[in-house]
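Residue-level listing of the chains:
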Amino acid sequence: MLSGIKVYTLLLNVDFLPVIGTVPWGEESLFLFHLLFSLAITYGYVQIVVPLKLFRGWNTYLLAFLTIIPAVILYFPLAAWSLTGAVLPSDMTAFSLWAFLHLFYALSLPKAI
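Reading guide: rules and limits
Residues numbered from 1 in each chain as written. Predicted model: local features only at pLDDT ≥ 70, side-chain atom pairs only at ≥ 80, totals over all residues. Heavy atoms only, no water. Helix = DSSP H or I, 4+ residues; strand = E, 2+ residues; numbered from the N terminus. Buried < 20%, exposed > 50% of the residue type's maximum accessible area, 1.4 Å probe, protein only. Contact = heavy atoms within 4.5 Å. 1 Å grid on protein atoms, 1.4 Å probe; cavity = no way out; pocket = protein on both sides within 12 Å on 5 of 7 lines; lining within 4 Å. Points joined across faces, edges and corners; volume = space filled by probe spheres on them. Nonpolar A, V, L, I, M, F, W, Y, C, P; charged D, E, K, R; others polar. Core = buried A, V, L, I, M, F, W, Y, C linked by side-chain atoms within 4.5 Å.

A short note on the environment of G21
Move 1: On the secondary structure map, G21 appears in the loop between α1 (7–11) and α2 (27–49).
Move 2: The class of G21 is partly exposed, set by a relative accessible area of 21%.
Move 3: In the structure, G21 is positioned 75 residues away from S96 in sequence and 26 Å away in space, judged by C-alpha atoms.
Move 4: Contact partners of G21, with chain neighbours within four places excluded, come to V14 and D15.

Right, here's the structure in full:
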């Protein structure tokens with residue numbers, strides 16, 4: 001919000017999805033969807049890290065980073081598919097903010113276990 005870049009709008013945007021995108025969801029519902037998706041990622045992360053003793057110490061951060069890369073890269077198709085035009089795929093400031101915030105989330109993943 002402080003930057004004026006509508007990355008949060010992009011984060012909650014589902015208008016390009018068939019069926020789901022036609023429903024007038026409230027911000028709370030969309031935020032809940034995003035949180036549930038994040039929890040599913042965290043659950044999957046924990047299911048990988050705990051049984052594999054390979055990921056201990058700093059390796060858990062490496063796995064978290066690898067886990068979050070798809071979310072960072074999703075910025076480009078989501079920005080292109082968005083019907084709201086919240087941000088442009090070519091907006092590198094918006095992408096940097098998107099990437100930074102998702103990487104910040106990735107840093108919190110090792111604390112989930």
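Considerations on the layout of surface pockets
Move 1: Volume-wise, the largest pocket comes out at about 980 Å³.
Move 2: Within the residue set of the lining of the largest pocket, elements represented by two or more residues are α1, α2, α3 (59–73) and α5 (92–108).
Move 3: Broken down by element, the lining of the largest pocket gets its largest block of residues, 8 residues, from α2.
Move 4: For the second largest pocket, the calculated volume is near 160 Å³.
Move 5: Lining the second largest pocket, in full, are T9, L12, N13, V14, D15, G21, V23, P24, W25, E27, L30 and T84.
Move 6: Of the residues in the lining of the second largest pocket, the class split is 6 nonpolar, 4 polar and 2 charged.

Details of the nonpolar core
Move 1: Grouped together as the largest cluster of nonpolar side chains are 12 residues: I5, V7, L10, V72, Y75, L78, A79, V87, A94, F95, W98 and A99.
Move 2: Counting residues per element, the ones that place at least two in this core are α1, α4 (75–81) and α5.
Move 3: If you tally residues by element for this core, the top one is α5, at 4 residues.

Spatial relationships are all this shows, so hold off on functional conclusions.
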